[in-house]
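# Structural features, examined
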Amino acid sequence: MIMRVMGEGQFEVAASHLDRLNRLDDDLLKALESGDEARFRAALAGLLGAVREYGTPLPDDALEPSDLILPGSDATIDEVNRLLRTEGDGLIPGIPG
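These remarks concern the structure in this document. Predicted model only: the values in this text are computed from it and were never measured. (Residues numbered from 1 in each chain as written. Predicted model: local features only at pLDDT ≥ 70, side-chain atom pairs only at ≥ 80, totals over all residues. Heavy atoms only, no water.)

## Quick look at the packing of helix H1 (residues 18-34) against helix H2 (residues 37-54)
- Taken N-terminus to C-terminus, the directions of H1 and H2 make an angle of 165°; their axes are 8 Å apart at the nearest point. The angle between the axes of H1 and H2 places the two elements in the roughly antiparallel class. The handedness of the crossing between H1 and H2 is left-handed. Seen from H1, the contacting residues are Arg-20, Leu-21, Leu-24, Asp-25, Asp-27, Leu-28, Lys-30, Ala-31, Leu-32 and Ser-34; seen from H2, they are Arg-39, Phe-40, Ala-43, Leu-44, Gly-46, Leu-47, Ala-50, Val-51 and Tyr-54.
- Residue classes in the contact of H1 with H2 are distributed as 12 nonpolar, 2 polar and 5 charged. (Axes fitted to C-alpha atoms, helices over the stretch in contact; angles between N-to-C directions. Helix = DSSP H or I, 4+ residues; strand = E, 2+ residues; numbered from the N terminus. Parallel < 35°, antiparallel > 145°, perpendicular 65-115°, else oblique. Left-handed = near helix turned anticlockwise from the far one by under 90°. Contact = heavy atoms within 4.5 Å. Nonpolar A, V, L, I, M, F, W, Y, C, P; charged D, E, K, R; others polar.)

So this is what it looks like as structure tokens:
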């Protein structure tokens, strides 16, 4: 699966990591619901860090379509909430953990 992190680039992430990423996505949703900025920052950093850890960066000149688009590390709570309204049940597909 190709995941684009806004402002950073694309990563190819194996499907075997989606359950872990989905759990981190659930943490991000809970942080958004709480409205706690520190918790939100930690959850977003955790999710993006896992994408970087599990994913293989694609070259900048790669023209692969992205399966998922994730907010950048500098995204605000409001920006991520708007993105979630268009995406549905979180940023990462899968069964809630």
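Once the structure has been displayed, the description carries forward.
## Regarding the pattern of salt bridges
- For the coordinates displayed, the defined rule picks out 2 salt bridges.
- Glu-8 serves as the salt-bridge partner of Arg-52, at 2.7 Å between the closest nitrogen and oxygen. Here Glu-8 lies in the loop between strand S1 (2-5) and strand S2 (9-12) and Arg-52 lies in helix H2, a separation of 44 residues in the sequence.
- Two residues, Glu-37 and Arg-41, come together in a salt bridge whose shortest N-O distance is 3.1 Å. One end of the pair is Glu-37 and the other is Arg-41, both in helix H2 and 4 residues apart, which spans about a single turn.
- For Glu-37, a relative accessible area of 42% gives the class partly exposed. (Salt bridge = Lys/Arg side-chain N within 4 Å of Asp/Glu carboxyl O. Buried < 20%, exposed > 50% of the residue type's maximum accessible area, 1.4 Å probe, protein only.)

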